[in-house]
Amino acid sequence: MNKFEFAHTADGIARQAGALLRKFYEKGVSTEYKGDVDIVTEADRASEQLIREKLKAAFPAHGIYGEEGTRDQLESEYRWYVDPLDGTTNFAHGFPAFCVVLGLEHRPAGLAADADGEIIAGVIYDPLRNEMFSAERGKGAFLNGRAIHVSKIKTLQESLTATGFPSRKRHASPNVHFYHEITLRSHGVRRAGSAALDLAYVACGRLDGFWEFNLNPWDTSAGVLLVAEAGGTVTHFDGGKFTLDSREVLATNGLILPEMKHIFTELFAGRGLDPIPTPAEFAARRAEAAK
């Protein structure tokens, strides 16, 4: 993707970090806790160090904001959000769903410190499947160099969606209520443990929607751009504008957004939803929609 100004370089850096992660994955890693239940591995730290060094060499004037503590030149016009290993719990258990994430924010002069710039480039690399998702603002979204687009599924009942649950305060998360309703009103809900991959899968049509509470900019930066460039939507649960500090993210193919918003609105308001359709009613709705 040589037409990219930034993502082409980020692609190469993510591939190097992914190769490093594969080596750790094959031999196994030691883990430690960075909170009550959040874990970190030597692979997370080694990957972030490699990415930091490569980004500084390629873009010496750019800032870097990494999950594992890197905070370099954050006053810069350009800022990279880095998740060196999204899906650490999967990785530590040998479950093959994790990735490297790099997202680039442009912050023009005069922008308030607490205001969002514009995400202009991003890559998400799955090293086990050798899948590189990449995008730049206004230039489209790609998987291994092939243009990708969101799905054309029109209804939630025929959609496959995904979500995630926090490792911290899982018992206090309201998401189980949304999971319950949406899994019964759709083809199913997947919980693979990597928000970045879930967003990439919405972008390429493998999933029709994704939602989660309490994500961070390094989780969402690249994926939000991928979904937008692939023709989808990323909003708050009520359809409001997504921001990097958002504590909620709802990504869809655009077509199922109204139904997803309705479910969130009704549950947050404490109102009851319509009864879950029977299989026969699902079939009738499908037939009606096909007319």
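The structure contained in this document is the topic of the report that follows.

Cut-offs used in this document
Residues numbered from 1 in each chain as written. Predicted model: local features only at pLDDT ≥ 70, side-chain atom pairs only at ≥ 80, totals over all residues. Heavy atoms only, no water. Helix = DSSP H or I, 4+ residues; strand = E, 2+ residues; numbered from the N terminus. Expected span 1.5 Å × (residues − 1). Buried < 20%, exposed > 50% of the residue type's maximum accessible area, 1.4 Å probe, protein only. Arc of directions from axis to C-beta. Phe/Tyr/Trp six-rings, centres within 6.5 Å; stacked < 30°, edge-to-face > 60°. Lys NZ or Arg CZ within 6 Å of the ring centre and 35° of its normal. Axes fitted to C-alpha atoms, helices over the stretch in contact; angles between N-to-C directions. Parallel < 35°, antiparallel > 145°, perpendicular 65-115°, else oblique. Left-handed = near helix turned anticlockwise from the far one by under 90°. Contact = heavy atoms within 4.5 Å. Salt bridge = Lys/Arg side-chain N within 4 Å of Asp/Glu carboxyl O.

1. Some remarks on helix 2 (residues 42–58)
Consideration 1: With 17 residues, helix 2 extends 24 Å between its outermost C-alpha atoms, agreeing within 8% with the 24 Å of an ideal straight helix rising 1.5 Å per residue.
Consideration 2: Three or more residues of helix 2 are buried, namely Ala 43, Asp 44, Ser 47, Glu 48, Leu 50, Ile 51 and Leu 55. Looking straight down helix 2, one finds that the buried residues subtend no more than 165 degrees of arc, so they occupy a single side.

2. Remarks on the packing of aromatic side chains
Where two aromatic rings form a pair, the distance of their centres and the angle of their planes describe that pair.
Consideration 1: All chains considered together, the criterion is met by 19 aromatic pairs.
Consideration 2: Between the aromatic rings of Phe 178 and Phe 268, the centroid separation amounts to 5.1 Å while the plane-to-plane angle is 55 degrees, which identifies the pairing as tilted. Placement of Phe 178 in helix 4 (residues 175–184) and of Phe 268 in helix 7 (residues 257–268) is noted, with a sequence separation of 90 residues between them.
Consideration 3: Judged by relative accessible area, Phe 178 falls into the buried class, the value being 2%.
Consideration 4: Pairwise contacts between aromatic rings join Phe 178, Trp 211, Phe 213, Phe 237, Phe 264 and Phe 268 into one cluster.
Consideration 5: For the cation-ring pair, Arg 206 lies above Tyr 201, with the distance from its terminal atom to the ring centre recorded as 4.8 Å.

3. A few points about the packing of helix 4 against helix 7
Consideration 1: Direction vectors running N to C along helix 4 and helix 7 enclose 135 degrees, while the axes themselves pass 11 Å from each other. Comparing the axis directions of helix 4 and helix 7 gives the class oblique. For the pair helix 4 and helix 7, the sense of crossing is right-handed. In this structure, helix 4 contributes His 177, Phe 178, Glu 181 and Ile 182 to the contact, and helix 7 contributes Met 260, Ile 263, Phe 264, Leu 267 and Phe 268.

4. Topic: the pattern of salt bridges
Consideration 1: Tallied over the entire structure, the rule returns 10 salt bridges.
Consideration 2: Of the charged contacts in the structure, one is a salt bridge between Asp 11 and Arg 15, with a shortest N-O distance of 2.8 Å. Taken together, the residues Asp 11 and Arg 15, both in helix 1 (residues 7–27) and 4 residues apart, mark about one turn of the helix.
Consideration 3: On the basis of relative accessible area, Asp 11 is assigned to the buried category, the value being 16%.
Consideration 4: Overall, the relative accessible area of 30% leaves Arg 15 in the partly exposed class.
Consideration 5: For the salt bridge of Arg 129 with Asp 126, the shortest nitrogen-to-oxygen distance reads 2.9 Å.
Consideration 6: Residue classification places Arg 129 among the partly exposed positions, given a relative accessible area of 42%.
Consideration 7: The class of Asp 126 is buried, set by a relative accessible area of 1%.
Consideration 8: When salt bridges with common partners are traced through the structure, they connect Arg 79, Glu 105 and Arg 107 into a single cluster.

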